[in-house]
Amino acid sequence: MHDPTPQASSPVPTQGTPWLESGLERLFFRARWLCAPLYLGLTAGLLVILVKFFQTVWTLVRHSYTLEFDDVFVGILDMIDLVLLANLLLIVMFAGYENFVSKLDVRSHRDFPDWIGHVTFGDIKIKLMASIVAMSAIHVLADFIRVNEISSRTLAWSVGIHLAFVVSGLMLAMMDRMMEPPASPAGPRRESGTH
């Protein structure tokens, strides 16, 4: 008596639809590999950053006896800026490839970073914005060091753009927090019981 009911309620598939649907799904799934060359192209960006970094180092070392302290400070800030940019590029490369293309098959390597498997698309956006804010702060600091050499209008624009990045980062973090699913009530109780 129970057997006829599931058979009667199950829809009869039309011929051709499952083949077309599965074929399209396989095509869409394989299309993710079109992003792989983009992440490979970011490696070229890392090489450019490396060249610019050592150009900055060479300029500082070559003129170290003649440069003023403010110029040395600005040069070091430029180096920090390039390192932050390289770190940001690595985060986008690793986390983007892992999230959107394929799992990395190097997890057994002793130098495999622990954070790669835990960075989601939302985390990438937050880290991207935080890195932009940090780099913008470095530029504002460099402008303040050279405050006698730049106009008040340029300095005001620099501070205004930096504040726009800060506000955008805060709003992005708030939106990401609002989109998170609410925590289960059992979690906090268990944690409070252990402490």
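Draft legend 1. Representation of the side chain of Asp143. Here Asp143 is to be found in helix H5 (residues 121–145). If near-sequence neighbours (up to four positions away) are discounted, Asp143 is found in contact with Ile150, Leu155 and Ser158.

Draft legend 2. Helix H6 (residues 152–179), seen in detail. For H6, spanning 28 residues, the distance from its first C-alpha to its last is 40 Å, which sits close to the expected 40 Å at 1.5 Å a residue. Within H6 the residues assigned to the buried category are Leu155, Ser158, His162, Gly169 and Leu172.

Draft legend 3. How the structure looks around the confidence of the model for the protein chain. Chain-level pLDDT for the protein chain is 79 on average; 81% of the residues reach the 70-or-more range. The weakest mean pLDDT in the protein chain belongs to helix H7 (residues 186–194) at 48; the strongest belongs to helix H3 (residues 36–62) at 92. Per-residue pLDDT stays below 50 along residues 8–14; that stretch engages in one contact with residues further than four places along the chain or on separate chains. Here residues 189–195 scores under 50 on pLDDT; set against residues more than four positions off or in separate chains, the count is zero contacts.

What counts and what doesn't
- Residues numbered from 1 in each chain as written.
- Predicted model: local features only at pLDDT ≥ 70, side-chain atom pairs only at ≥ 80, totals over all residues.
- Heavy atoms only, no water.
- Helix = DSSP H or I, 4+ residues; strand = E, 2+ residues; numbered from the N terminus.
- Contact = heavy atoms within 4.5 Å.
- Expected span 1.5 Å × (residues − 1).
- Buried < 20%, exposed > 50% of the residue type's maximum accessible area, 1.4 Å probe, protein only.
- pLDDT = per-residue confidence, 0-100.

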